[in-house]
Amino acid sequence: MKLFSAVAILTAVVGTTGLFVNKTEVLLKSEVLLKYSETITPSLYDLIWRGSVFSAIAYCTKHNRISLGPLPEACPCTLCTDSPDIVEVSIIYAGTVSGVVFRDDTTREIVVGLKGTTTNTEWAMDFNIIPVPYHSLEKRPKGLKKWYKQNKECKGCTIHKGFYSGAKEIHDKTFDKVIALAKKYPDYKIMVTGHSLGGALAPLIANEYLKMGLHTTLITFGSPKIGNPLFAKWMDDIWDTHDHYSDLDGILSTSSFIRVSHKDDFVPLVPTRQMGYKHCGIDVFFTTPDLPMDITNIKLRNSPSQLSVNEAEEEVELIFSNSTYSDYQKSMDSHRNYLLRMNQC
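These lines cover the structure that appears in this document, whether it is placed above or below. (Residues numbered from 1 in each chain as written. Predicted model: local features only at pLDDT ≥ 70, side-chain atom pairs only at ≥ 80, totals over all residues. Heavy atoms only, no water.)

Quick look at unusual backbone geometry
Next, step 1: Residue Pro271 is reached from Val270 by a cis peptide bond, and omega for that bond is -15 degrees.
Next, step 2: Relative to the helices and strands, Pro271 is located in the loop between β9 (256-262) and β10 (282-286).
Next, step 3: Here the bond from Leu291 into Pro292 is cis, since omega is 0 degrees, no more than 30 degrees from zero.
Next, step 4: Take Pro292: it is sitting in the loop between β10 and β11 (298-301).
Next, step 5: Positive phi is not limited to glycine here, since Ser196 has a value of about 60 degrees.
Next, step 6: Within the secondary structure, Ser196 is located in the loop between β7 (189-195) and α9 (197-211). (Helix = DSSP H or I, 4+ residues; strand = E, 2+ residues; numbered from the N terminus.)

Comments concerning helix α10 (residues 229-238)
Since there are 3.6 residues in each turn of an α-helix, residues three or four apart along the chain are aligned in direction.
Next, step 1: By the burial criterion, the buried members of α10 are Phe231, Ala232, Trp234, Met235 and Asp236.
Next, step 2: Of the surrounding secondary structure, the elements contacted by the buried residues of α10 are β6 (158-160), α9, α11 (241-245) and β9.
Next, step 3: Backbone geometry just downstream of α10 places Asp240 in the positive-phi region, at approximately 55 degrees. (Buried < 20%, exposed > 50% of the residue type's maximum accessible area, 1.4 Å probe, protein only. Contact = heavy atoms within 4.5 Å.)

Points about the environment of Arg301
Next, step 1: Position of Arg301 among the secondary structure elements: in strand β11.
Next, step 2: Assessed through its relative accessible area of 9%, Arg301 is described here as buried.
Next, step 3: Measuring from C-alpha to C-alpha, the distance between Arg301 and Tyr245 comes to 9.1 Å, with 56 residues separating the pair along the chain.

Written out as structure tokens, the structure is:
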């Protein structure tokens, strides 16, 4: 089968079923596309696809277009109404930052989906790049101690102040409720996912579930950097990132951190390396910014924390080194494309 036929299958699936896809269609799609890629498995591609689904639905909090209950009835857009899976919207939080917690009875997962930047307050949070000491959200120091007390597990680790603030808010409002769900459904796994700002908050949220020994999958899309090189290395250590590169199928059976970016998205470049920030996680890179994004467009990069320079950044920085304002606008538009259109709700 030729490449254009495989893309046609993906386009047809998206066009007819909205955001969610039937399991049989996913399998067919992956088996076809696997012929054109040896860097990623069909099961891993499907996992990333599901992460993009929940990240996109999290944007429905922007205009209060989502409510508690069965997903097809929870919001009016096709992201929800066309879902073939048994998914319940269990928790909605809309504050300075926003997120939705889903219970997926089909895949047996509790999913925390985090919305990206849509408000002026969130933009201000994005630009609050002052590095602060990293501490667990659940056991973080109070008062003046938060500025100088060192994290014994992650010595010298600092993170973006704005993202840390947003993560604390989401954590304080949802953590106990998610844990209650996990206890009620002990055989369910945890997924934490988000796009853009949501992708920056997601690792800080997911760390708390990982530390509790819960099977946790962390998937981010178009996320900016969140911490310094020491934090990036520590993250790759606790998430076993390096081991996963040699056993991609093992990602499905154990906790893992997958970071997705693409060719024309400049958001993952900031804050810059020169400002002391560095990426972490399994680096999945799409070579196109255009939809549909399929497995033929994927490159699996080396772990950024093992490299002096992130190869993906070099490539995109070269593209944007002489960019104009129209290029910036194009990039911002492309930033919303991650397997599907992220802010369509």
